[in-house]
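Tertiary structure, described
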Amino acid sequence: GQQLNQSPQSMFIQEGEDVSMNCTSSSIFNTWLWYKQDPGEGPVLLIALYKAGELTSNGRLTAQFGITRKDSFLNISASIPSDVGIYFCAGQVQKLVFGQGTRLTINP
Amino acid sequence: SAVISQKPSRDICQRGTSLTIQCQVDSQVTMMFWYRQQPGQSLTLIATANQGSEATYESGFVIDKFPISRPNLTFSTLTVSNMSPEDSSIYLCSGHVGFEAFFGQGTRLTVV
């Protein structure tokens, strides 16, 4: 079946640093979605990507749909304490396939 | 976008009993799904909730254990039947608006 490899699994950074995480797959996807999940909550959609090569920003977040349609990355610039959480990528053809998540911890 | 409400938000249940989780969407969505998520882990798809017909289950999940209903385009239920401690998990529903999936806040189930 389809699988996504998300890396890194965890990150420990200082407040103000930039963050980068990515997802790769051997399968092609039509859509890439990036989510953030806080403890006790459901995933919240951050960015949706629809076309190969597409680069989309949402405030301090920037994500790209890889040109091969098999990968995507998410960057967070100038991290702040509320960025703490677990970030998931998800690739979609008909159903969503989720990455394993990246747990972000920020030292003030 | 869509706002998705799940009830209950958490429950503690005795083994051998069943729990029905409700998912209500504030607008009509094309597709609804049910997921299971162990704490600190990723989401695993249980099934696609089909409006007016039987749900489509993923490998490892069966209708007798996880019966699903979807009577209309804005509501679905998932029942966790004959529960055991291994069923302790977070259960999430999602609804799609176009190609974007929106999630409820989840139901944290503990089976004792």
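For the structure given in this document, a descriptive report is provided here.

Rules used in this analysis
Residues numbered from 1 in each chain as written. Chains lettered and ligands numbered in written order. Predicted model: local features only at pLDDT ≥ 70, side-chain atom pairs only at ≥ 80, totals over all residues. Heavy atoms only, no water. Helix = DSSP H or I, 4+ residues; strand = E, 2+ residues; numbered from the N terminus. Rg over C-alpha atoms; globule rule 2.2 N^0.38 Å. Buried < 20%, exposed > 50% of the residue type's maximum accessible area, 1.4 Å probe, protein only. Contact = heavy atoms within 4.5 Å. Pairing = 2+ DSSP bridges. Axes fitted to C-alpha atoms, helices over the stretch in contact; angles between N-to-C directions.

A few words on the overall build of chain A. Along its length, chain A carries zero helices and eleven strands. Its C-alpha radius of gyration of 13 Å places chain A within 12% of the 13 Å reference for a compact globule of 108 residues. For chain A, the spread of C-alpha atoms along the principal axes amounts to about 40 × 25 × 20 Å. Counting over 108 residues, chain A shows a buried share of 46%.

We now examine the side chain of Thr-74 of chain B. Residue and element names in this part refer to chain B. Structurally, the position occupied by Thr-74 is in the loop between strand 7 (68-72) and strand 8 (75-80). Residue class for Thr-74 comes out buried when judged on its relative accessible area of 19%. When near neighbours in sequence (up to four residues on either side) are disregarded, Thr-74 contacts Cys-23, Gln-24, Val-25, Ser-27, Gln-28 and Met-32.

Here we take up the sheet that holds strand 1 (residues 5-7) of chain A. Residues and elements named next belong to chain A. If you trace the five strands from one edge of the open sheet to the other, you get 1-3-8-7-6, paired in antiparallel fashion. The open sheet has two free edges, formed respectively by strand 1 and strand 6 (55-58), since each of these has just one partner strand. Ignoring strand direction, the axes of neighbouring strands in this sheet form an average angle of 15 degrees. Taken together, the six bridges between strand 3 (residues 19-24) and strand 8 (residues 71-76) define a ladder with antiparallel strand orientation. Opposite Cys-23, over in strand 8, you have Ser-72 as the bridge partner.

On to the environment of Lys-51 of chain A, then. Among the structural elements, Lys-51 of chain A can be located in the loop between strand 5 (44-49) and strand 6. Between the alpha carbons of Lys-51 of chain A and Ser-25 of chain A there is a distance of 16 Å; along the sequence they are 26 residues apart.

Here we come to unusual backbone geometry. With omega at -5 degrees, the peptide bond leading from Ser-7 of chain A into Pro-8 of chain A counts as cis. Note on placement: Pro-8 of chain A falls in the loop between strand 1 and strand 2 (10-14). Look at the link from Lys-7 of chain B to Pro-8 of chain B: it is a cis peptide, with omega at -5 degrees. With respect to the helices and strands, the residue Pro-8 of chain B is situated in the loop between strand 1 (4-7) and strand 2 (10-13). Notably, Arg-69 of chain A is not glycine yet its phi reads approximately 70 degrees, a positive angle. Within the fold, Arg-69 of chain A resides in the loop between strand 7 (61-65) and strand 8. A residue is classified by how much of its surface remains accessible, and Arg-69 of chain A, at 31% relative accessible area, is partly exposed. One non-glycine residue, Ala-78 of chain A, lies in positive phi territory at about 50 degrees. By the secondary structure assignment, Ala-78 of chain A is in the loop between strand 8 and strand 9 (85-92). A relative accessible area of 35% places Ala-78 of chain A in the partly exposed class.

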